[in-house]
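Structural description and commentary
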Amino acid sequence: MQVSMRPSTCLAAQRVSTRCFKASAPAPRVVSVVAQATGKRAPADAPVPALTRPKPASADKQAQAQAPSQGPSQAAISEAYIKAASSKERGETVEVKIVGQNEGGVMVQFGPLRGFMPYNKLDPARLRACANGDLTKLIGQQIKARIITADIARKELVLSERQVAAAEALGRVSEGDVIEGVVTGVEDYGAFIQIKGLPDVFGLVHKSEVTWARILTVDEVLKLGQEVRAKVLSVDVANCRLALSIKQLTTDPLRMSLDGLDWESADVSAVSEPELKALVESLAKSPGVTNVTVTRVAVDPQHVAQELEVYLVRTDSDGVYDAVARLGTSNTQLKLTAPELSREQLKQMLQRVAREVAQA
């Protein structure tokens, strides 16, 4: 429906509008700031003062007026990761608070960092106390744990409560002890052994410590689930690991054959083979070796070495090692002083130098 407005109505509205906007008094004059301050009336043609914005507050006052940050600074986070990595290296026990959970484990608070603890790293007794798998009762609890991963680049912090008990158990193990365990993993470089009676304590048997015989792969000798006895070579408290040897619980066949030889006391002048002389000279120049001497020689017609072979046969506690070099039917015993080298490092050096001399 169209609505039309008559002309008279429009004119009436126009007159009303004019009356509404007609000023009843002249507009007030603008008085300058100077006139207000002095009390003198400004002349009629005085210019209108320019409007200016207020000066900004100082940097200190602006900072005070800003709302506080909602989280830790990047510097605080970096410092916390450095602290966590240091605690991991020293094998320290830290205290954390459980603040949440997910499908894989619980979240814990370590200073300004949020860490993660998988369910299999929690104390089994703590898990059993939670009815029907409801772990909400754990939230808010303070627990002791050890840091197993602290990676600032990946923003990853992983902890373990079970390693606290493992570290305490590891304190009862000493170098030279004989332990029993079960093979839980076989790799190219060795086998992992779960120690009986020591929960969460694992030992590594390096490939070179599995057997005196020459093998290509570790699984030629060890299988998953196999029970073994091993000798403790070293204790790593920080990582709750043991270095183990299975072969050192049996007599070295090489030493048995060497013990049956007719040895004669000698020095390097008694060595006639050029390869053996070059071996002695190269070992004396090797990093970490302070002295090399020839102590005795023997002939073994029952065992003929087709190429230069070097074996480490005995280790003293003060960094003195006995080795035997074999070439053809000749056997030469060497005494090496290398206090800065471990047994494994010295074995690798002997093998490397022997290859270099053989290829020269």
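Here is a short report on the structure shown in this document. Going along each chain's sequence as written, the residues are numbered from 1 onward. Two thresholds apply to this predicted model, a pLDDT of at least 70 for residue-level local features and 80 or more for giving and counting side-chain atom pairs, whereas whole-chain, interface and lining totals are computed over all residues. Values shown for side chains rest on all heavy atoms present in the structure; no hydrogens or waters enter the calculation.

So, the nonpolar core
Core analysis: the biggest nonpolar cluster contains 26 residues, and Leu-279, Leu-283, Leu-336, Leu-346, Met-349 and Leu-350 have the highest contact counts within it. Secondary structure elements are taken from DSSP: a helix is a run of H or I of four residues or more, a strand is a run of E of two residues or more, and numbering for both begins at the N terminus. For this core, the secondary-structure elements that each account for two or more residues are helix H8 (274–284), strand E12 (291–299), strand E13 (305–315), strand E14 (320–328), strand E15 (330–337) and helix H9 (343–359). Ranked by residues supplied to this core, first place goes to H9 with six residues. Contacts are assigned to residue pairs with any non-hydrogen atoms lying within 4.5 Å of each other. Residues in contact with Leu-336, not counting those within four places in the same chain, are Leu-283, Asn-291, Val-292, Gly-319, Val-320, Tyr-321, Ala-323, Leu-346, Met-349 and Leu-350. Take the buried Ala, Val, Leu, Ile, Met, Phe, Trp, Tyr and Cys residues and link them wherever side-chain atoms come within 4.5 Å; each set so joined is a nonpolar core. Three labels apply to residues, based on accessible area from a 1.4 Å probe with only protein chains included: buried if under 20% of the type maximum, exposed if over 50%, partly exposed otherwise in between.

Examining the pattern of salt bridges
Take a side-chain nitrogen of Lys or Arg and a carboxyl oxygen of Asp or Glu: if they are within 4 Å of each other, that pair is a salt bridge. In the structure shown here, the tally under the stated rule is nine salt bridges. The shortest N-O distance in the salt bridge between Glu-156 and Arg-154 comes to 3.4 Å. For the salt bridge of Asp-300 with Arg-326, the shortest nitrogen-to-oxygen distance reads 3.0 Å. Of the two residues, Asp-300 is situated in the loop between E12 and E13 and Arg-326 in strand E14; the sequence distance between them amounts to 26 residues.

Remarks on a negative patch on the surface
Distance thresholds for patches are 9 Å for like charges and 5 Å for nonpolar side chains (Val, Leu, Ile, Met, Phe, Trp, Tyr), applied to residues having over 30% relative accessible area and no salt bridge. Here, Shrake-Rupley sampling with a 1.4 Å probe gives the accessible areas, and only protein chains in the shown set may cover a residue. Counted as positive: Lys and Arg. Counted as negative: Asp and Glu. His and the chain ends are not counted at all. Taken as the charge centre is NZ of Lys, CZ of Arg, CG of Asp or CD of Glu, depending on the residue. Together, Glu-187, Asp-188, Asp-219 and Glu-220 make up a negatively charged patch on the protein surface. Tracing the backbone through its elements, the reader meets Asp-219 in the loop between strand E8 (202–206) and strand E9 (227–236). By relative accessible area, which is 38% here, Asp-219 ends up partly exposed.

Thoughts on the sheet that holds strand E7 (residues 190–195)
Only strands joined by at least two bridges in the DSSP assignment are considered to pair. Overall, mixed pairing links the five strands, which are arranged E6-E7-E8-E10-E9 in a closed barrel. On average, each strand axis in the sheet is tilted by 50° relative to the strand beside it, whichever way the strands run. Examined bridge by bridge, strand E6 (residues 178–187) and E7 share six bridges and lie antiparallel to one another. Its bridge partner lying in E7, Val-186 is registered against Ala-191. Geometry is summarised by axes, namely lines fitted to C-alpha atoms with helices restricted to the contacting stretch, and by angles between N-to-C directions that run from 0 to 180 degrees.

A word on the packing of H8 against H9
Their axes nearest at 10 Å, the elements H8 and H9 cross at an angle of 135°. As far as their axial angle goes, H9 and H8 are oblique. For the element pair H8 and H9, the recorded crossing hand is right-handed. Of the residues in H9, those touching H8 at Glu-275, Ala-278, Leu-279, Ser-282 and Leu-283 are Met-349, Leu-350, Val-353, Ala-354 and Val-357. Any residue that is not Ala, Val, Leu, Ile, Met, Phe, Trp, Tyr, Cys, Pro, Asp, Glu, Lys or Arg is counted as polar, Gly included; the first ten are nonpolar and the last four charged. Considering only residue class, the contact of H8 with H9 consists of eight nonpolar, one polar and one charged. Orientation categories follow fixed angle ranges, with anything under 35 degrees roughly parallel, anything over 145 roughly antiparallel, 65 to 115 roughly perpendicular, and all other angles oblique. For any pair of crossing helices, the crossing counts as left-handed if the nearer helix is rotated counterclockwise from the farther one by less than a right angle, and right-handed if it is rotated clockwise.

Focus: the pairing of E6
Here E6 pairs with E9 via five bridges, running antiparallel. Of the residues in E9, the one forming a bridge with Val-182 is Glu-227. Linking E6 back to E7 in an antiparallel pair, the connection comprises two residues.

Section: H8
Within the sequence span of H8, burial applies to Leu-276, Leu-279, Val-280 and Leu-283. End-on view of H8: buried residues confined to an arc of 95°, all on one side of the axis. Relative to its buried face, H8 has exposed residues pointing more than 90 degrees away, namely Pro-274 and Glu-281. As for H8, its buried residues are in contact with E12, E13, E14, E15 and H9. Within this analysis, the arc is defined by the directions that extend from the helix axis to the C-beta atoms.

Section: the environment of Val-294
Residue placement: Val-294 occurs in strand E12. On a C-alpha basis, the gap between Val-294 and Ala-323 in space is 9.8 Å, while along the polypeptide they are 29 residues apart. Among all residues touching Val-294, those that are not within four sequence positions of it are Ala-266, Asp-267, Val-268, Val-271, Val-280, Thr-332, Gln-333 and Leu-334.

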